[in-house]
Every structure is written in structure tokens, then in C-alpha cells.
Amino acid sequence: MTFPASTYTQRRKGLIAQLDKGLILLLGNDEAGMNYGANTYFYRQDSTFLYYCGIDQAGLAAIIDIESGETTIYGDELSIDDIVWVGQQATIRDKAAKAGITAVQPAAKLADALKSAQSKGRAVHYLPPYRGEHQLKYWDLLGIAPQDQKAKVSVPLIKAVVAQRSIKSAEEVIELEKAVRVTNRMHLAAMRGAKPGASEAYVTGLVHSEARAGGGNLSFPIILSVDGQILHNHHHDKVMKEGDLLLCDSGAEVLSRYSGDMTRTFPVSATFTQKQKEVYQIVLDANMAVIDALKPGVPYRDMHDLSSRVIAAGLKELGLMKGDVDEAVAKGAHALFFPHGLGHMMGMDVHDMENLGEDYVGYNDSIQRSKLFGTAYLRLGRELEPGFVLTVEPGIYFIPELMDMWQAEGKHAEYINYDKLKAYRDFGGIRIEDDYLITAEGGHLLGDPVPKTVADVEAVRRAAL
Ligand code: GLY
Ligand code: MN
Ligand code: MN
């Protein structure tokens, strides 16, 4: 158990206090077969289940009774056959006790408990399903068909969970620091291990190895490519060569399942080319401008706009954009080069609580998601609060397909020098991403600094080659 029993007890009390009546159903995750049942994917418990019940084990569910305050875990202890294959482990009862839960029932009793509550007219609050088996279970247990589940999901429960999980406690921050430190090592491994003639897959292996050595695993599939303009590129089949830029976006989750998420972009050669250096510096300026401005009360949407203006102003200096910078950003012209959001909440999920609904996590009644291309991908727009943990990840990308499409449409032609873009067609992309905790004073870098100035990155690369 990551935290003392009192942590889980307090969390459940805090959850109940926000809700009126009925039962809360929390489904844990099951094992999932890759190509046959016994050959499973890496097991990952549901983060909300883990947050309130602490047990990192497949095949469990919990009911929290809002009126009585009692929590019951449903699951089956290991059979002798299981023990032969996977070894003896602490019982569910022992694990539950460590989370302050004394009631444990066999899995088969879950349906009875829910049906009995429903027959008395009691509400059962449930969260949005994100796995097929959750949908089947809601269907079986609650009688709600998959196509109706989204509409009947409990918005009060979603909001209550988001309110609690958005504010990271001191003990959670310790776990996040651990995760980001492992993440730091993953990035240093990439920066030290990349070399002309080696494959992207080879460096991906070095990065993954650090995540496993940190005791946990990856917080998301590694993005590592000389084609950094492909935002989430999971192909690692190219061979690096002199003059390439390598983008690595990766993170670890530690055993407590808290995660890290960083990006570094660096030259495969010992130094950046002049052209690469110029674009890199703009991304770094955008990253640093936001970091300097982080503080409670600031809408993250304003930070996104700030980074967009730094990017547009820098690209104007290079002659790739033109016209009034503020106007260009307000109209969304910069999104040709920066077509994603500045960052997102991070916690047990790398995009924290995304399964509960991005708009509940990142927006509120006063700050709503933009409809503009690019800014619409911003996952966090609302005002920052102490205890938020988030990423700062601006980038500049030259995406040939997007450039061709916009040029053919004459899109934002008053702000973009399409003729000059030809020289950047094969440039790739640059992103720089760091993880920050919002405190009363401003932003606190999680983990240790990993080189990101041009000089510091080149120093690491020189030493590596
Ligand atoms: N790891 C994907 C992202 O940076 O959000
Ligand atoms: Mn990332
Ligand atoms: Mn990220």
C-alpha cells in the first residue's frame, strides 16, 4: 500500500461528503489478454480505484455506501491453482485492511448488492467506462446497455472525484517527484545513447530500460522519432543520421502508479545546425515564458496563448509568419506550427483523469474549450490552483501534409509566408516538456533539471559521441 490507511479513509470521507445519497460503484481493472487469455498485457489498475481503495490487483470492485459510509471490496482470494502459478500473496482482506476497509465479499456478491440497492430505489453512481469489460459489467450489474451508459453516468461523482484528485497532497507530490526523477533518467539515457547509424528502436530500448529499472514501467508508449513533426509517433523503425533532430517524449510511472511525462529534442550530431538552433530557441523561450508566469489564479488557457504568441513572434523573426502577432494567434494562424495544447494535468494518469472527461478536468463554466484548430486540443484551460500538477510542453512542427493543405486553401495567408516554408519541409518537429507543481508562490519543477538550453544540450551530445 503506497499510503497509510488514514489517507484512503480520508479520501473516501471527502468523496462521500460531496455526494447526496446512494452507492458509488468503483470498478477495478481486469487482466487483458494480448493474443490469448494467459498472455496478458502489462497489468494496470484503474487509477480512481487505486486512489480510493489502494489495492493494485486485478479482478476487484468496490461499493462505497454514501449514507452508511461503509466501503466493501468485492473479489476472490487466490485458489490453490493460482498460488501454484503466481505464488502466495497477501490476501485481499489484508490489503483492504491497509486501506482502512474491513468489509470484503466474494466477487459473486457484487451483483446481489447492486440489485438489492436498485430494488429499493437507491441510485448507483458510476464513472465513464473506458474498457470493453467495464461496459459489459455495467450492463450485467446495472442493466444499462453500453450505448446508454454515457448518458447515465454520474456527473456529481465525476465532479467529486475530479475535485479531489486535481489537488495533489504532499504525500502524492513525493510519489510524483519519484516518477519524474525516473523520467529524468529516461531522457538522459536517450540524450547519451543516440548516435548516427543507430536505430530509433535501440534508443527506445535504452529509455524503456530506465523506466523498468525505476521499479514501475512506462506511463505511456514511448514517442521517439526523427520525425518529431508526427505528434504521437510510436514507430521506431528509422535509423538516425547526422543532421537529424531526435524527439523523445516519454515518462515513467513508479510502483505507486504516479507518472512523469517529459520531452526533449536534440541533435543526433554533436551540435544543432543554425536552422535547428533558431527554431529550438523559440520553443525554449515559449517553455520558459510559461514557467516564469505559472502561479495560482492564472487560467492555463492564457498560458497557452502566451506560448502561442512567443512562438508566433519567433516565427515572424524567422520570416515564416508575418503581420500582427496577437491577431495571428487570436485567429489561430500559429496552429499550423503548434497544433496541440500547452499541457495537461498529470497524476496517476499521465493525462490525469482523462477517462472521466477532459472538460470536467480542464475546464469549468467560465473557461470553456476553444473551437479553434490546435487550441481545441488544449486539455487544461481553467485557472491554476495550488496542488495542481501539470505539463508545460510547447512545440513547433513542420507537418508537410498540413502545410500543403493550408497553402492550397490560402488559409491565414495574411499571417503565413508559405513560400518560405519550402525550406523547412523536412525539418521535423521540436517539443520541450517539463512537469510542474503549482504552489502558492508559483511553479515548482518536479524532479531534477534535465539539460534544455542549446549549450547544455550540445554539451551532453558532445560528451556522448
Ligand atoms: N505524452 C503525451 C503528452 O505529452 O501529452
Ligand atoms: Mn509527453
Ligand atoms: Mn504531456
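Right above here is the structure, for reference.
Everything numeric here is computed off the predicted structure, so don't read it as measured data. (Residues numbered from 1 in each chain as written. Chains lettered and ligands numbered in written order. Predicted model: local features only at pLDDT ≥ 70, side-chain atom pairs only at ≥ 80, totals over all residues. Heavy atoms only, no water.)

A few words now on helix α11 (residues 274-293). The end-to-end C-alpha distance of α11 is 29 Å, a good match for the 28 Å that 20 residues give at a rise of 1.5 Å each. Regarding α11, the residues found buried are Q276, V279, Y280, I282, V283, L284, A286, N287, V290 and I291. (Helix = DSSP H or I, 4+ residues; strand = E, 2+ residues; numbered from the N terminus. Expected span 1.5 Å × (residues − 1). Buried < 20%, exposed > 50% of the residue type's maximum accessible area, 1.4 Å probe, protein only.)

With that out of the way, let us pick up the coordination of the manganese ion (ligand 3). Around a metal, the perfect tetrahedron of four donors has angles of 109.5 degrees, and the perfect octahedron of six donors has angles of 90 or 180 degrees. In this structure, D261 (OD), H344 (NE2), E393 (OE) and E433 (OE) serve as the protein donors to the manganese ion (ligand 3), at separations of 2.1 to 2.2 Å. Each of the six donor atoms around the manganese ion (ligand 3) contributes to a set of angles spanning 50 to 159°, which defines the coordination as irregular. Read N to C, the donor residues that coordinate the manganese ion (ligand 3) are spaced as D-x82-H-x48-E-x39-E. Here the manganese ion (ligand 3) and the manganese ion (ligand 2) are spaced 3.2 Å apart, and both take D261 as a donor. (Donors = N, O, S within 2.8 Å, 3.2 Å for Na, K, Ca; no water. Tetrahedral: all angles 85-135°; square planar, octahedral: opposite > 155°, others 65-115°.)

Moving on to the pairing of strand β12 (residues 262-267). When you tally the buried positions in β12, you get six out of six residues, the bulk of the element. Burial of β12 is two-sided: the residues M262, R264 and F266 facing one way and the residues T263, T265 and P267 facing the other way are all buried. Summarising the sheet, strand β10 (residues 245-250) and β12 pair through six bridges and their orientation is antiparallel. In the sheet register, C248 faces β12, and the bridge partner there is R264. (Pairing = 2+ DSSP bridges.)

Glancing now at the nonpolar core. The biggest cluster of nonpolar side chains holds 142 residues, and the ones touching the most others in it are I73, Y300 and F398. Considering every element that reaches this core, the biggest residue donor is helix α9 (residues 170-193), with nine residues. In this view, F398 contacts Q229, V279, L320, F337, M403, L421, Y424, R425, F427 and G428; residues no more than four positions away in its chain are not counted. (Core = buried A, V, L, I, M, F, W, Y, C linked by side-chain atoms within 4.5 Å. Contact = heavy atoms within 4.5 Å.)

What follows is about the site of ligand 1. For ligand 1, the full set of nearby residues is F220, H232, D249, D261, H344, H351, E393 and E433. With respect to ligand 1, the side chain of D261 contributes an N or O atom lying 3.3 Å from a nitrogen atom. Within the side chain of H351, a nitrogen or oxygen atom sits 2.7 Å from an oxygen atom of ligand 1. In isolation ligand 1 exposes 190 Å². Once the protein is present, 94% of that is buried. A per-class count over the shell around ligand 1 returns one nonpolar, three polar and four charged. (Near = heavy atom within 4 Å. Polar contact = N/O pair within 3.5 Å; in protein donor to acceptor, adjacent residues only side chain to side chain. Areas by Shrake-Rupley, 256 points an atom, 1.4 Å probe, with all protein chains shown as cover. Nonpolar A, V, L, I, M, F, W, Y, C, P; charged D, E, K, R; others polar.)

Think of a sheet as strands paired side by side through backbone hydrogen bonds, with each pair either parallel or antiparallel. Pairing within the open sheet is mixed, and its five strands lie in the order β6-β5-β4-β1-β7. The strands lining the two open edges of the sheet, one partner per strand, are β6 (103-105) and β7 (124-125). Here strand β1 (residues 23-27) runs beside strand β4 (residues 61-65); their pairing, made up of five bridges, is antiparallel. What sits directly across from L27, in β4, is A61.

Quick look at the coordination of the manganese ion (ligand 2) now. Surrounding the manganese ion (ligand 2) are the protein donor atoms D249 (OD), D249 (OD), D261 (OD) and E433 (OE), at 2.0 to 2.6 Å. For the manganese ion (ligand 2), the six donor atoms are set out with angles of 54 to 166° between them, so the coordination reads as irregular. All donors of the manganese ion (ligand 2) belong to a single chain; written as a sequence motif, their spacing is D-x11-D-x171-E. Given the relative accessible area of 3%, D249 is considered buried.

We now examine the pairing of strand β13 (residues 389-392). Going residue by residue along β13, you find V389 and T391 tucked away on one face and L390 and V392 tucked away on the opposite face as well. Where β13 lies against strand β16 (residues 434-438), four bridges are found, and the strand directions are antiparallel. By the bridge assignment for β16, T391 is matched with D435.

Two descriptors summarise a pair of aromatic rings, namely the distance from one centre to the other and the angle between the planes of the rings. Under the definition given, this model contains 10 aromatic pairs. Ring geometry for F3 against Y258: centres 6.2 Å apart, planes inclined by 70°, an arrangement best described as edge-to-face. One end of the pair, F3, is in the segment before α1 (5-17); the other, Y258, is in the loop between β11 (252-253) and β12, and 255 residues separate them in sequence. What makes F3 buried here is its relative accessible area of 7%. We classify Y258 as buried; its relative accessible area is 1%. With 5.0 Å between their ring centres and 25° between their planes, F398 and Y424 make a pair best called stacked. Of the two residues, F398 is situated in the loop between β14 (395-397) and α15 (400-409) and Y424 in the loop between α16 (418-421) and β15 (429-431); the sequence distance between them amounts to 26 residues. Residue class for Y424 comes out buried when judged on its relative accessible area of 9%. Following the ring pairs from residue to residue traces out a cluster consisting of F337, F398, Y424 and F427. Residue placement shows R11 over the ring face of Y51; its charged tip is 3.9 Å from the ring centre. For the cation-ring pair, K275 lies above Y424, with the distance from its terminal atom to the ring centre recorded as 4.7 Å. (Phe/Tyr/Trp six-rings, centres within 6.5 Å; stacked < 30°, edge-to-face > 60°. Lys NZ or Arg CZ within 6 Å of the ring centre and 35° of its normal.)

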